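Residue-level structure breakdown
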Amino acid sequence: MATTADFRNGMCLDIDGQYYFIVEFLHVKPGKGPAFVRTKLRNVTTGRILDKTWSSGVKVEEVRIERRPYQFLYKDDMGYNFMHPETFEQVTIPGEGIDGVQFLKEGDMVEANVHAGSETILTCELPAHVTLRVTYTEPGVKGDTATNALKPATVETGAEVRVPLFIGEGELIEIDTRDGSYIGRVKE
């Protein structure tokens, strides 16, 4: 019998001095032999996925992680500067620690995973979808609305995304920050 669960950054483990989020786990109780746990772990700093199997009953060290909201203020030579909206505490996070950093604009709210013991920010995530204005794209041609063709467009953060041919400069579009894909137009 087997059970599975998906934690989505819920539980964090300390394995050999590295922090890993449990992406998924599978508890297996075979007919013969001892039970074991098969896991997929995501390294907090590198983002790489690691497959690891443990015998049932093995103790691993859990790291207490808190999710906290932060508001993006500005970028400088040190990194990206954020402020906690309740305590007004300001922190700087390097760009490598922010998922979807190319879609970050001033005033945006993010969720940070903070190591509760050391108050260190481990990762920072933008919302799954953001609305941005197109600042440059080639003009569309009349009749281009029926095809699935895409063209490059630059948004207000400087990131380049692929949009349908009918999207023009100045339009608001919704973007998936996880993969940079176009979702749709936003009415003003």
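Residues numbered from 1 in each chain as written. Predicted model: local features only at pLDDT ≥ 70, side-chain atom pairs only at ≥ 80, totals over all residues. Heavy atoms only, no water.

1. A short note on the sheet that holds strand β14 (residues 150-155)
Strand order in the open sheet made by the 5 strands is β15-β14-β13-β16-β17, with antiparallel pairing throughout. What marks the edges here is a single partner per strand, and that holds for β15 (160-164) and β17 (181-185). Within the sheet, the average angular offset between the axes of one strand and its neighbour, ignoring direction, is 55°. Sheet topology places strand β16 (residues 172-176) next to β17; 4 bridges connect them, and they run antiparallel. (Pairing = 2+ DSSP bridges. Helix = DSSP H or I, 4+ residues; strand = E, 2+ residues; numbered from the N terminus. Axes fitted to C-alpha atoms, helices over the stretch in contact; angles between N-to-C directions.)

2. Observations regarding the UniProt feature "domain: Translation elongation factor P/YeiP central" (unreviewed entry) in the protein
Using the residue numbers shown here, the UniProt feature "domain: Translation elongation factor P/YeiP central" (unreviewed entry) corresponds to residues 67-121. Helix makes up 0% of residues 67-121 and strand makes up 55%, while its end C-alpha atoms are separated by 10 Å. (UniProt positions renumbered as here; feature names shortened; annotations may be inferred.)

3. Describing the nonpolar core
Ranked by size, the top nonpolar core spans 26 residues in total, and within it F82, I98, F103, I173 and I175 carry the most contacts. Every element with two or more residues in this core is listed here: β7 (65-76), β8 (79-83), β9 (90-93), β11 (109-115), β13 (129-137), β14, β15 and β16. Not counting residues within four places of it along the chain, the set of residues in contact with I98 comprises Y80, F82, I93, C124 and L126. (Core = buried A, V, L, I, M, F, W, Y, C linked by side-chain atoms within 4.5 Å. Buried < 20%, exposed > 50% of the residue type's maximum accessible area, 1.4 Å probe, protein only. Contact = heavy atoms within 4.5 Å.)

4. A closer look at unusual backbone geometry
If you check the backbone angles, F88 has positive phi at about 65° while not being a glycine. For F88, the location among the structural elements is in the loop between β8 and β9. For E119, which is not a glycine, the phi torsion comes out positive at approximately 60°. When you line up the elements, E119 lands in the loop between β11 and β12 (120-125). E119 sits in the partly exposed class, given a relative accessible area of 44%.

5. Re the packing of aromatic side chains
Any pair of aromatic rings gets described here by the distance separating the centres and the angle formed by the planes. Evaluated as defined, the whole model comprises 2 aromatic pairs. Look at F72 and Y80: their rings are 5.8 Å apart centre to centre, the planes differ by 45°, and that puts the pair in the tilted class. Among the residues examined, F72 registers a relative accessible area of 7% and is labelled buried. Its relative accessible area of 15% is what places Y80 among the buried residues. Ring geometry for F72 against F82: centres 5.4 Å apart, planes inclined by 55°, an arrangement best described as tilted. One end of the pair, F72, is in strand β7; the other, F82, is in strand β8, with 10 residues separating them in the sequence. Note on F82: relative accessible area 0%, which makes it buried. Linked through ring pairs, F72, Y80 and F82 together constitute an aromatic cluster. (Phe/Tyr/Trp six-rings, centres within 6.5 Å; stacked < 30°, edge-to-face > 60°.)

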